[in-house]
Amino acid sequence: MSSKSEDKHEFQAEVQQLLDIVINSLYTDKEIFVRELVSNAVDALEKLRHIQLTEKSIADSNLDLEINITTDDAANTITITDYGTGMTREELVENLGTIAHSGSKAFIKELSKSDQKETNIIGQFGVGFYSAFMVSNEVTVYTRSWNEDSEHLCWKSDGKSSYQIETNQGQRRGTKIVIKLKEDQEEFSKAPRIKTILENYSNFVPFDILLNGEKVNTVEAIWMKPKADVSDEKYSEFYKFTAKAFDEPRYRMHFSADVPLMINALLFVPEENPERPGFGQVDPGVSLYCNKVLIDSTPKSLLPDWLRFLKGVIDSEDLPLNISRESMQDSALVQKLNRLIAKRFIKFLDREEKSDAEKFAAFYENFRSFLKEGVITDHENRDALVKLLRFESSSEDAGVYATLDDYVARMREDQDKIFYQIAPERQAIESAPYLEAFKARSIEVLFLYDPIDEYLVGSLPSYADKELVSIAQSGIELEELTTDEQAPDEAQTSALCQWMKDTLGNRVAEVNVSKRLVNSPAAALTPGGSISPQMKQMMRQVDPQFSSSKEVHLEINPRHKLLKSLDSARAEQPDFAKLVAEQIADNALLSAGLLEEGRDMVTRVYEIMQRSLEK
Ligand code: ADP
Ligand code: MG
């Protein structure tokens, strides 16, 4: 083996893309590269601390777990050194030549979609190690992995298309990154500038950070302190540090308990919902510590999945320090923590709602999909979570929300069901033919607007022993209304129904006289209530034969003038009557979102118009 073997590599295509964006971006907060590199150093030190628990032979075992930063304004460089895990040759290629990391992948995907010029997106993601190339076109990484017989290596790149790795004797365990700054980035070679940046972003780093030999951070586990000793500013600073965030937290919950477990927890709800459409699910954001030592920064089973929007720290001395990520899921202690903290958090939200309803409403607006997901997936906490849900309703103006308890308290005495309708927006519900029957009888209907609501009602058959029923469902019994408009007698109306069923054939399963319709001539109902277009698409994927109109029950309103005229037209102009009957059915299907094919309808409408004008 030669002592200086050179090894040239091309960056993976995605990395080149990312570098191109990073280097050419107009992003002004270039200083985030400091935070990114320090956070990598912290990760490497945390990992080493874990390895120390089980491994005996570790290279340079005398080195302190600390981070050293040196600036040199004569040479225009900044150097960041840690004595963490270091990297092997394979790890260098894997970690600094490809993108495995889901955040960066999502970042690239988002950028390729948007023409909004990259700038603010970078800050929201943090592009990790590659951010060094915002300020440099010569980055050198000296590294040696913790394993005693590992190679002494040097990785070097200009951040364009390739990098090289060579052996370079004399490395200590860990990683030293030397950044030769671009001429116009010389500010980062000045100690006071770097000190300010570190104070902003890295104050809570759990290892000493030394800047040119002087300690700059206050290593502080504020979650272990009594609330009274922590200022709002400190909390907010800690939130930004632990969540890598720039916003202010919406809520914070800080508590400690001794029974049934020793817990110190500090949890934050961010300002923004982290799951924007198209981004998929975020990783859990609450880290698990055991007596101030990090065990896992994104533990999957520590909290129920729907709480993945929370940030912060949970510290329990009862946990074994060397608990592995794999065994966490099975640990009875972790499960206990999970239950306990989820319950505390729901109770916390409930209290917040009572003490500041407006603030809670803003939270709810942004985060309700998580709460609904909780109702669907978290049986343990479902009952408590349901109480936090709120909806617009037919008895209130837009923007006014009712809980299920509000609804139940307002129910008519003879009412034994909770009625709802799902649609993307209020107008869609108000203009469809279903609501009028309930309005006319002063029965309140809840309005559900979210795609997830379909699953929500699916997993919530009843509340307070009252069945939840869609108003588009067939077979709802409502009391007879007395109106001025006389209905034709029963023999006549059932003849009309039979004729319509014969005329429409298989397009509907039944035609019945409606007790509920007031102003509309007809409505299409299904046994299960309304089905959204997304749901229909899903059903068709499962069953290509699926047709939502197979099950349609058409209800007609014999009091309505149109139906009366239709009844007489049946005998006088059968052709025209058939057209009108078909059109009534299509209109009803259309209002219900059940019309699968609109072409026939357009031709038919032209024909109806022409015939009416001919008279
Ligand atoms: P992330 O930290 O989100 O994984 P980065 O781009 O910041 O993404 O880093 C990529 C990977 O490079 C890290 O996951 C880690 O494996 C490796 N790495 C970066 N810096 C160091 C370091 N100082 N010590 C050891 N490994 C490092
Ligand atoms: Mg990183």
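Quick note: structure is the one above.
The structure reproduced in this document is the subject of the present report. Position numbers for residues count from 1 along each chain, tracking the sequence in the order it is written. Naming scheme: in the order in which they are written, chains are lettered from A and ligands are numbered from 1. Whole-chain, interface and lining totals are the exception, using all residues; otherwise, since this is a predicted model, local features are given only for residues with pLDDT of at least 70 and side-chain atom pairs are given and counted only at 80 or more. Excluding hydrogens and water, the side-chain values take into account all heavy atoms of the structure.

## Let's talk about the packing of helix α9 (residues 332–355) against helix α10 (residues 357–377)
Here is step 1 of the chain: Orientation is described by lines fitted to C-alpha atoms, with helices fitted over the stretch in contact, and by angles between N-to-C directions that extend from 0 to 180 degrees. The way it works is that DSSP assigns letters per residue, a run of H or I at least four long becomes a helix, a run of E at least two long becomes a strand, and they are numbered from the N terminus. Orientation of α9 relative to α10, taken along the N-to-C sense of each, is 145 degrees, at an axis distance of 8 Å. In the packing of α9 onto α10, the handedness of the crossing is left-handed. Residue-level inspection shows Leu349, Glu352, Glu353 and Ser355 of α9 in contact with α10, the latter providing Ala357, Lys359, Phe360, Phe363 and Leu371.
Here is step 2 of the chain: We call Asp, Glu, Lys and Arg charged. Ala, Val, Leu, Ile, Met, Phe, Trp, Tyr, Cys and Pro are nonpolar, and the rest, Gly among them, are polar. Among the residues making up the contact of α9 with α10, the classes are represented as five nonpolar, one polar and three charged. Each crossing gets its hand from how the near helix is turned against the far one by less than a right angle, where anticlockwise is left-handed and clockwise is right-handed. Any pair of residues with heavy atoms lying within 4.5 Å of one another is described as a contacting pair.

## A look at empty space enclosed by the protein
Here is step 1 of the chain: Definitions used throughout: a 1 Å grid over protein atoms alone; a cavity as a set of points that fits a 1.4 Å probe which cannot get out; a pocket as an open set with protein on both sides within 12 Å along at least five of seven lines; a lining residue as one with an atom within 4 Å of a point. Grid points are joined across faces, edges and corners, and a volume is the space filled by probe spheres set on the points. Scanning the entire structure with this criterion turns up two cavities of 30 Å³ or more.
Here is step 2 of the chain: Considering only enclosed or pocket space, the largest cavity measures out at about 70 Å³ in volume.
Here is step 3 of the chain: In terms of lining residues, the largest cavity is bounded by Pro284, Gly285, Val286, Pro299, Lys300, Leu302, Leu303, Pro304, Asp305, Leu307, Arg308 and Leu310.
Here is step 4 of the chain: Residue composition of the lining of the largest cavity, by class: eight nonpolar, one polar and three charged.
Here is step 5 of the chain: Estimated volume of the second largest cavity: approximately 60 Å³.
Here is step 6 of the chain: Elements with a contribution of two residues or more to the lining of the second largest cavity: β17 (417–422), β18 (445–448) and α15 (453–458).
Here is step 7 of the chain: Here the residues of the lining of the second largest cavity are counted per class, giving ten nonpolar, no polar and no charged.

## As for a negative patch on the surface
Here is step 1 of the chain: A surface patch of like charges, here negative, comprises Asp72, Asp73, Glu183, Asp184 and Glu186.
Here is step 2 of the chain: Note that Glu183 resides in the loop between β7 (174–181) and α6 (191–201). Patch membership is restricted to residues that have no salt bridge and whose relative accessible area is over 30%. Joining uses 9 Å for like charges and 5 Å for the nonpolar side chains Val, Leu, Ile, Met, Phe, Trp and Tyr. Computed by Shrake-Rupley with a 1.4 Å probe, the accessible areas treat only the displayed protein chains as cover when residues are assessed. The term salt bridge refers to a pairing of a side-chain nitrogen on Lys or Arg with a carboxyl oxygen on Asp or Glu at a separation within 4 Å. Only four residue types enter the charge count: Lys and Arg as positive, Asp and Glu as negative, with His and the chain ends excluded. For charged residues, the charge sits on one atom: NZ in Lys, CZ in Arg, CG in Asp, CD in Glu.

## Thoughts on the sheet that holds strand β22 (residues 522–525)
Here is step 1 of the chain: One bridge is not enough; two strands pair if DSSP finds at least two bridges between them. Spatially, three strands are ordered β21-β23-β22 in an open sheet, and the strand pairing comes out mixed. The open sheet is flanked by β21 (510–513) and β22, the only strands paired with a single partner. Ignoring strand direction, the axes of neighbouring strands in this sheet form an average angle of 25 degrees.
Here is step 2 of the chain: With four bridges joining them, β22 and strand β23 (residues 553–556) adopt antiparallel strand pairing. If you follow Ala522 over to β23, its bridge partner there is Ile556.
Here is step 3 of the chain: Against the sheet, helix α19 (residues 574–591) makes contact with β22 and β23, and its axis sits at roughly 55 degrees relative to β22, the strand it touches most.

## Quick look at the nonpolar core
Here is step 1 of the chain: We define a nonpolar core as any set of buried Ala, Val, Leu, Ile, Met, Phe, Trp, Tyr and Cys residues linked to one another through side-chain atoms lying within 4.5 Å. Exposure classes here rest on a 1.4 Å probe applied to the protein chains alone. A residue is buried below 20% of its type maximum, exposed above 50%, and partly exposed in between. Phe309, Ile314, Met500 and Leu554 are the most contacted members of the largest nonpolar core, which totals 101 residues.
Here is step 2 of the chain: Dropping the residues within four chain positions of it, Ile314 is found in contact with Ile263, Asn264, Ala265, Leu267, Val286, Ser287, Leu288, Tyr289, Leu302, Leu303, Leu337 and Ile341.
Here is step 3 of the chain: Ranked by size, the runner-up nonpolar core spans 47 residues in total, among them Val22, Leu37, Ile99 and Val216.

## Observations regarding the packing of aromatic side chains
Here is step 1 of the chain: Here is the rule: rings of Phe, Tyr and Trp (six-membered ring for Trp) pair when centre to centre is within 6.5 Å. Planes less than 30 degrees apart are stacked, more than 60 are edge-to-face, and the remainder are tilted. Taken as a whole, this structure holds 25 aromatic pairs when the rule is applied.
Here is step 2 of the chain: Note on Phe238 and Phe268: the rings are 6.3 Å apart at their centroids and 45 degrees apart in plane angle, and the pair reads as tilted. Of this pair, Phe238 sits in helix α7 (residues 232–243) while Phe268 sits in strand β11 (residues 263–269), and the two are 30 residues apart along the sequence.
Here is step 3 of the chain: Judged by its relative accessible area of 2%, Phe238 is buried.
Here is step 4 of the chain: An angle of 15 degrees between the planes, with centres 5.2 Å apart, marks the rings of Phe363 and Phe367 as stacked. Taken together, the residues span about one helical turn, with Phe363 and Phe367 both in helix α10 at a distance of four residues.
Here is step 5 of the chain: Here a set of aromatic residues connected by ring pairs shows up, and it is made of Tyr251, Phe309, Phe345, Phe348, Phe360, Phe363, Tyr364, Phe367 and Phe370.
Here is step 6 of the chain: A ring has a charge above it when a Lys NZ or an Arg CZ is no more than 6 Å from the ring centre and no more than 35 degrees off the ring normal. When the ring centre of Tyr364 is taken as origin, the NZ or CZ atom of Arg390, which lies over that ring, is 5.8 Å away.

## Describing unusual backbone geometry
What is expected of a backbone is that most residues other than glycine have negative phi and most peptide bonds are trans.
Here is step 1 of the chain: Cis peptide bonds are those with omega within 30 degrees of zero, and the linkage from Val259 to Pro260 qualifies with -5 degrees.
Here is step 2 of the chain: With respect to the helices and strands, the residue Pro260 is situated in the loop between β10 (251–257) and β11.
Here is step 3 of the chain: One non-glycine residue, Asn76, lies in the positive phi region at around 60 degrees.
Here is step 4 of the chain: Turning to its location among the elements, Asn76 is positioned in the loop between β2 (66–72) and β3 (77–82).
Here is step 5 of the chain: Positioned with a positive phi, Asn291 is a non-glycine residue whose angle comes to about 45 degrees.
Here is step 6 of the chain: For Asn291, the position within the fold is in the loop between β12 (285–290) and β13 (293–296).
Here is step 7 of the chain: Residue Asn291 is classed as partly exposed on the basis of its relative accessible area of 41%.

## Thoughts on the environment of Arg173
Here is step 1 of the chain: With respect to the element layout, Arg173 can be found in the loop between β6 (162–167) and β7.
Here is step 2 of the chain: Sequence spacing of Arg173 and His152 is 21 residues, and the spatial spacing of their C-alpha atoms is 8.8 Å.
Here is step 3 of the chain: Excluding residues that lie within four positions of it along the chain, Arg173 makes contacts with Leu48, Ile58, Ala59, Asp60, Ser61, Leu63, Leu65, Asp82, Tyr83, Gly84, Arg144 and Trp146.
Here is step 4 of the chain: Engagement of the side chain of Arg173 in a polar contact is seen with the backbone oxygen of Tyr83, the distance being 2.7 Å.
Here is step 5 of the chain: A 3.5 Å cut-off defines polar contacts: any pair of N or O atoms within that distance qualifies, except that in protein one atom must be a possible hydrogen donor and the other a possible acceptor, and neighbouring residues in sequence count only when both atoms are side-chain atoms. Side-chain polar atoms of Arg173 contact the backbone oxygen of Gly84, separated by 3.4 Å.

## Points about α10
An α-helical turn contains 3.6 residues, so any two residues separated by three or four positions project in the same direction.
Here is step 1 of the chain: Multiplying 1.5 Å by the residue count of a helix minus one yields the expected span of that helix. Look at α10: only 26 Å from first C-alpha to last across 21 residues, short of the 30 Å you get at 1.5 Å a residue.
Here is step 2 of the chain: Helix geometry: α10 is bent most strongly at Phe367, by close to 70 degrees.
Here is step 3 of the chain: When α10 is considered as a whole, its buried residues turn out to be Phe360, Phe363, Tyr364, Phe367, Phe370, Leu371, Lys372, Glu373, Gly374 and Val375.
Here is step 4 of the chain: Those residues of α10 hidden inside the fold are in contact with β10, β11, α9, α11 (382–386), β15 (390–393) and α15. For a residue, the bend is simply the angle between two axes, fitted respectively to the seven-residue segment ending there and the seven-residue segment starting there.

## Brief notes about helix α20 (residues 599–614)
Here is step 1 of the chain: For α20, which comprises 16 residues, the first-to-last C-alpha distance of 23 Å matches the rise-based estimate of 22 Å (1.5 Å per residue) to within 8%.
Here is step 2 of the chain: Listed in full, the buried residues belonging to α20 are Met601, Arg604 and Ile608. Relative to the axis of α20, the buried residues are bounded by an arc of 65 degrees and lie together on one face. Residues of α20 that are exposed and point more than 90 degrees away from the buried face comprise Arg599, Thr603, Tyr606, Leu613 and Glu614.
Here is step 3 of the chain: Buried positions along α20 lie against α19. The arc under discussion is defined with respect to the helix axis, by the directions toward the C-beta atoms.

## Side note on the side chain of Asn217
Here is step 1 of the chain: Within the secondary structure, Asn217 sits in the loop between β9 (214–215) and α7.
Here is step 2 of the chain: In this structure the side chain of Asn217 is engaged in a polar contact, spanning 2.8 Å, whose partner is the backbone oxygen of Phe207.
Here is step 3 of the chain: Separated by 2.9 Å, the side chain of Asn217 and the backbone nitrogen of Ile209 make a polar contact.
Here is step 4 of the chain: Beyond its immediate stretch of four places on either side in the chain, Asn217 contacts Ser202, Asn203, Val205, Phe207, Asp208 and Ile209.

## A word on a nonpolar patch on the surface
Here is step 1 of the chain: On the surface, a nonpolar cluster with roughly 310 Å² of combined accessible area is contributed by Val602, Tyr606 and Met609.
Here is step 2 of the chain: As for its placement among the helices and strands, Tyr606 is situated in helix α20.

## Quick look at the sheet that holds β15
Here is step 1 of the chain: Read across the sheet, six strands follow the order β16-β15-β18-β17-β20-β19 without closing on themselves; strand pairing throughout is mixed. Both edges of this open sheet fall to β16 (402–403) and β19 (462–463), since each of them pairs with a single strand only.
Here is step 2 of the chain: Sheet topology places β17 next to strand β20 (residues 466–470); four bridges connect them, and they run parallel. Within β20, the position partnered with Lys417 by the bridge is Glu467.

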